[in-house]
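Observations on chain architecture
One-letter residues, chain by chain:
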Amino acid sequence: MKEKTDVLQGTLALMVLKTLDVLGPLHGYGIARRIEQISGDLLTVNQGTLYPVLLRLEQEGSIASEWGASENNRKARFYRLTRDGRKQLQAETRGWEQTAAIIGRFFAAKAEDFQ
Amino acid sequence: MRALRRWVKRLTSWAKTQQNEERLRAEIEKHLALQTAENIRAGLSPAEARRKAALKFGAVQAMLEAYRDQRGLPLMETLLQDTRHALRRLRKAPAFTTATVLILALGIGATTSIFTLAYAVLLRSLAVANPNELYRLGKEALCCYYGGYSQDKGFSLVSYDLYKHFRDNTKGFAELAAFQAGEPLFGIRKIRKYIRAYAEIAKPFRWCYSDPRRRIIPNPIAGTAY
């Protein structure tokens with residue numbers, strides 16, 4: 001059995017933005033399912049914690065929401081990325097890649113590199 | 001910019017609290033229904049599917065708390081609630097409310113008027129360039145001609161000749177000015193006449209004014225020239 005990890009503070013928001021960027025408008029449940037699937041069920045996220053994050057992103061103007069019909073034709077609230085959200089996603093992606101690269105270099109470093 | 005937008009949204013969120021609450025409930029319900037449906041498709045019994053869905057969602061109440069804390073400004077909302085509560089209680093006890101309001105009004109009114117008086121008499125500087133260089137001459141603290149011949153300790157009146165003597169021979173003062181003693185004044189026309197007269201006498205005082213448009217107007221009733 002694989003070890004599950006907690007979600008770092010703030011990363012959930014980034015995952016939401018990326019999911020909406022890739023898949024287009026989704027309702028809350030859809031976003032939660034996609035995050036689970038993509039993470040390979042490695043994340044222990046209570047699906048409920050998603051909603052405060054969605055609220056914050058909406059307040060910040062990164063995403064917008066409206067009522068629409070879900071697959072079984074019942075009403076659901078759909079979230080979509082706004083232009084500001086896309087910009088934010090790009091900026092945060094760059095930040096994460098940079099951090100990951102730096103950490104990666106530290107892990108790859110061997111003793112002889114420092115001589 | 002994002003933080004500002006969020007803050008504005010939070011500030012105005014109370015107007016739509018009810019609507020938001022309903023929306024969130026609908027969303028949670030929808031979420032659980034979709035998860036339940038998926039669990040049923042995976043082969044669970046409806047009851048078990050529902051239970052698993054709720055488990056996966058996590059504690060609804062805790063999530064609602066977190067959601068509400070983020071939605072508005074909790075501090076403002078509590079303040080608003082407390083104010084409403086206080087107003088309700090006040091309305092229920094009109095006698096107490098009236099008494100309190102009256103006492104407060106009297107207290108504030110009295111303090112304000114006393115301060116206004118103290119400010120005018122004690123604290124405010126005279127409207128001249130160097131008020132600390134102005135002196136009033138006389139034998140007593142209440143030196144001058146004061147509301148008729150009614151002073152106990154003699155009248156601090158000097159003759160015009162003595163004034164001229166002081167003026168010409170007191171080197172410590174840059175200028176010296178005097179005004180004529182007169183009867184107490186009550187009529188407006190009389191006051192105007194005297195003000196004109198005083199202003200004429202007090203001309204030498206003009207040197208101490210920073211603003212040349214301002215003229216000295218001695219107080220004709222108290223009989224003191226500042």
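Residues numbered from 1 in each chain as written. Chains lettered and ligands numbered in written order. Predicted model: local features only at pLDDT ≥ 70, side-chain atom pairs only at ≥ 80, totals over all residues.

Looking now at the interface of chain A and chain B. Many structure descriptions define interface size as the accessible area lost when the parts assemble. Each partner contributes to the interface: chain A provides 16 residues, whereas chain B provides 21 residues. Contributing elements (two or more residues each) for the side of chain A that touches chain B: helix 2 (28-38), helix 3 (50-60) and strand 3 (75-81) of chain A. When residues of the side of chain A that touches chain B are assigned to their parent elements, the largest contribution, six residues, is made by helix 3 of chain A. Residue classes in the side of chain A that touches chain B are distributed as five nonpolar, eight polar and three charged. (Contact = placed C-beta atoms within 7 Å. Helix = DSSP H or I, 4+ residues; strand = E, 2+ residues; numbered from the N terminus. Nonpolar A, V, L, I, M, F, W, Y, C, P; charged D, E, K, R; others polar.)

A few words on the packing of helix 2 (residues 17-41) of chain B against helix 3 (residues 46-57) of chain B. Residues and elements named next belong to chain B. In contact at an axis separation of 8 Å, helix 2 and helix 3 are set at 130 degrees when each is read in the N-to-C sense. For the element pair helix 2 / helix 3, the angle class is oblique. In terms of crossing hand, the pair formed by helix 2 and helix 3 is right-handed. In contact with His 31, Leu 32, Gln 35, Thr 36, Asn 39 and Ile 40 of helix 2, helix 3 contributes Pro 46, Ala 49, Arg 50, Lys 52, Ala 53, Ala 54, Lys 56 and Phe 57. A breakdown of the residues in the contact of helix 2 with helix 3 according to their chemical character gives seven nonpolar, four polar and three charged. (Axes fitted to C-alpha atoms, helices over the stretch in contact; angles between N-to-C directions. Parallel < 35°, antiparallel > 145°, perpendicular 65-115°, else oblique. Left-handed = near helix turned anticlockwise from the far one by under 90°.)

This paragraph deals with the sheet that holds strand 2 (residues 63-69) of chain A. Residue and element names in this part refer to chain A. Reading across from one edge, 1-3-2 is the order of the three strands in this open sheet, with antiparallel pairing throughout. Strand pairing shows two members of the sheet lacking a second neighbour, strand 1 (26-27) and strand 2, which therefore form its edges. Pairing analysis gives two bridges linking strand 1 to strand 3, with the strands arranged antiparallel. Within strand 3, the position partnered with His 27 by the bridge is Phe 78. Sitting on the sheet, helix 1 (residues 11-23) touches strand 1, strand 2 and strand 3, and the angle it makes with strand 3 is about 95 degrees. (Pairing = 2+ DSSP bridges.)

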